[in-house]
Every structure is written in structure tokens, then in C-alpha cells.
Amino acid sequence: MRDFAAGAAKRLFLEILGWTVLAIGVLAGMADAGLNDLKGAQDHFEKAVKYDRKLVAAQQELALTYAKQGDRAKAEEHFKEALQLAPGDGPDRLADVIE
């Protein structure tokens, strides 16, 4: 029983660590975007989406980053993905993409 509990604790720790690293990556991408380092932001958001495609914030921020770089096709792709994941979280963000 003790080995099972230790294994479960280790798995939980690694899962929390993975989510922490992911959150830091998204925040770093937002910081890069704020500094107008769109390529740096894109890299951070792409890594986050690669780790977890269901991360709505990363999909939205990646869409905005692509839109700011003039890549409307990729912006639309990621915005549609975000809308599928969180249908009610789109209208305000859509204005940012199509401006």
C-alpha cells in the first residue's frame, strides 16, 4: 500500500509540475507579446498548444499572435479551435483577430 501511495504522489507531483511549466510558458508568451516580440510569443504559445491542444488561453493567444503577424489563415485555425473548446469565450476575442 505504501508503494502505491508513493507512486500516486509522484504522479500527482509530476502532473502539477507539468501544468506549472505550461502556465509559465503561456505567461512568458504573453510577456513577449506585450513587448512586441511576436516570434517569441508564437514559440511559447505553440509549445503550450503542442503540450495540450485543449488549452483555450494558449489557442486564443496563438490566434492573436498570428493575426498580428498577418497570418490570417493560422489565426483563424487556432481561433476556431479555441471556439470549439470554449464556445462562450469567443465574441470579444474575435474582434481582436479581425481588426
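The structure displayed is predicted, hence computed values, not measured ones.

A. Local environment of unusual backbone geometry. Non-glycine residue N36 carries a positive phi angle of around 65°. Topologically, N36 is positioned in the loop between α1 (2-34) and α2 (38-51). Assessed through its relative accessible area of 61%, N36 is described here as exposed.

B. Geometry of the environment of A75. With respect to the helices and strands, A75 occurs in helix α4 (residues 72-85). Taking C-alpha positions, A75 is 4.0 Å from A63, a pair spaced 12 residues apart along the chain.

C. Structural detail: the environment of R53. Along the chain, R53 turns up in the loop between α2 and α3 (56-68). Measuring from C-alpha to C-alpha, the distance between R53 and E81 comes to 8.5 Å, with 28 residues separating the pair along the chain. Setting aside anything within four residues of it in sequence, one finds R53 in contact with Q59, H78, E81 and L85.

D. Spotlight on the confidence of the model for the chain. Averaged over every residue, the pLDDT of the chain is 84; residues scoring 70 or more account for 86%. The secondary structure element of the chain with the lowest average pLDDT is helix α5 (residues 91-98), at 57, and the one with the highest is α2, at 93.

E. Main features of the pattern of salt bridges. One pass over the full model with this rule turns up 2 salt bridges. Between K39 and D43 there is a salt bridge, with the nearest N and O atoms lying 3.2 Å from each other. With K39 and D43 both in helix α2 and 4 residues apart, this pair spans about one turn of that helix. Residue classification places K39 among the partly exposed residues on the basis of a relative accessible area of 47%. A salt bridge links K80 to E76, with the shortest nitrogen-to-oxygen separation between them at 2.9 Å. You can see K80 and its partner E76 sitting in helix α4, 4 residues apart, about one turn around the helix. Judged by its relative accessible area of 43%, E76 falls in the partly exposed class.

About the cut-offs
- Numbers given to residues run from 1 along each chain, matching the order in which its sequence is written.
- pLDDT decides what is reported in this predicted model: residues at 70 or higher carry local features, side-chain atom pairs at 80 or more are listed and counted, and totals for whole chains, interfaces and linings draw on all residues regardless.
- Excluded from the side-chain calculations are hydrogens and water; all other atoms, namely the structure's heavy atoms, are used.
- The helix count covers DSSP runs of H or I at least four residues long, the strand count covers runs of E at least two residues long, and both are numbered beginning at the N terminus.
- Relative accessibility under 20% of the residue-type maximum defines a buried residue, over 50% an exposed one, and the middle range a partly exposed one, all with a 1.4 Å probe and only protein chains included.
- It only takes one pair of heavy atoms within 4.5 Å for two residues to be counted as in contact.
- Known as pLDDT, the predictor's confidence for each residue is given on a scale from 0 to 100.
- Within this document, salt bridges are pairs made up of a side-chain nitrogen of Lys or Arg and a carboxyl oxygen of Asp or Glu, the two lying within 4 Å of each other.

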